[in-house]
Amino acid sequence: MFWINGVLIPAPSDWEIDIAQIENSAITASGLKVVDVIATKSTLNLSYAILSDAQLSALRTRLYGQTFNTVRFPDPPIEKELIMKTESLNYTGWRPINGIRHYINIRIVMRER
């Protein structure tokens, strides 16, 4: 389950967490590379096969209601809670289902503060 600012959001069809190190590196006079790890940051990628207009609208309000959001998600063996900023929200199109617009192939990228 996924929460944004304490509110449960629809379960994604798929999700992925990327963990990257922020580094400062230099080459010494002897040619040796020296690396200082400054921080480790996460990027959370959520994918939805389909969301209704109302679901996407509510999710967009949660994601862009403020610059940084508290995001809680499963990261076995524990739940992880990070302060994150929404980098992008994309979808490939929409189609009507029973007269209601549904968006397809939604992708959301959030990066740790």
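## Considerations on the environment of Lys33
Looking at where Lys33 falls in the secondary structure, it is placed in strand 4 (residues 33–52). Classification of Lys33 as exposed rests on a relative accessible area of 54%. Once the C-alpha coordinates of Lys33 and Leu56 are considered, the two residues, 23 residues apart in sequence, prove to be 47 Å apart. Residues contacting Lys33, with those up to four places away along its chain left out, are Ser25, Ala26 and Ile27.

## What to know about the environment of Ser30
Examined against the element boundaries, Ser30 turns out to sit in the loop between strand 3 (14–27) and strand 4. The exposed category is assigned to Ser30, whose relative accessible area is 67%.

## Side note on the confidence of the model for the protein chain
Averaged over every residue, the pLDDT of the protein chain is 94; the share at 70 or more is 100%. Within the protein chain, the lowest mean pLDDT, 91, falls on strand 5 (residues 69–75), and the highest, 97, falls on strand 8 (residues 100–112).

## Observations regarding the packing of aromatic side chains
Evaluated as defined, the whole model comprises 4 aromatic pairs. Ring centres 6.1 Å apart and planes at 65 degrees place the aromatic pair Trp15 and Phe73 in the edge-to-face group. Remark: Phe73 occurs in strand 5 and Trp15 occurs in strand 3; sequence separation between them is 58 residues. Given a relative accessible area of 0%, Phe73 falls into the buried group. Ring geometry for Tyr91 versus Tyr103: centroids 4.7 Å apart, planes at 70 degrees, classification edge-to-face. Here Tyr91, found in the loop between strand 6 (78–90) and strand 7 (93–97), pairs with Tyr103, found in strand 8; they are 12 residues apart in sequence, far enough to count as distant. Taking relative accessible area as the criterion, Tyr91 reaches 36% and is therefore assigned partly exposed. Assessed through its relative accessible area of 8%, Tyr103 is described here as buried. Put simply, the rings of Phe2, Trp15 and Phe73 touch in pairs and so form one group of aromatic residues.

## Focus: the pattern of salt bridges
Throughout the structure, instances matching the rule amount to 1 salt bridge. Close ionic contact of Arg72 with Glu79 constitutes a salt bridge, the shortest N to O distance being 3.5 Å. Relative accessible area serves as the criterion here: at 28%, Arg72 is assigned to the partly exposed category.

## Considering the pairing of strand 3
Bridge count between strand 3 and strand 4: 14 bridges; the pairing is antiparallel. Within strand 4, the residue paired with Asn24 across the bridge is Asp36.

## Comments concerning the side chain of Thr43
Position of Thr43 among the secondary structure elements: in strand 4. Of note is the side chain of Thr43, whose polar atom sits 3.2 Å from the side chain of Arg111. With residues up to four places along the chain from it excluded, the contact list for Thr43 reads Glu16, Ile17, Asp18, Met84, Val109, Met110 and Arg111.

So, how was this worked out
- Residues numbered from 1 in each chain as written.
- Predicted model: local features only at pLDDT ≥ 70, side-chain atom pairs only at ≥ 80, totals over all residues.
- Heavy atoms only, no water.
- Helix = DSSP H or I, 4+ residues; strand = E, 2+ residues; numbered from the N terminus.
- Buried < 20%, exposed > 50% of the residue type's maximum accessible area, 1.4 Å probe, protein only.
- Contact = heavy atoms within 4.5 Å.
- pLDDT = per-residue confidence, 0-100.
- Phe/Tyr/Trp six-rings, centres within 6.5 Å; stacked < 30°, edge-to-face > 60°.
- Salt bridge = Lys/Arg side-chain N within 4 Å of Asp/Glu carboxyl O.
- Pairing = 2+ DSSP bridges.
- Polar contact = N/O pair within 3.5 Å; in protein donor to acceptor, adjacent residues only side chain to side chain.

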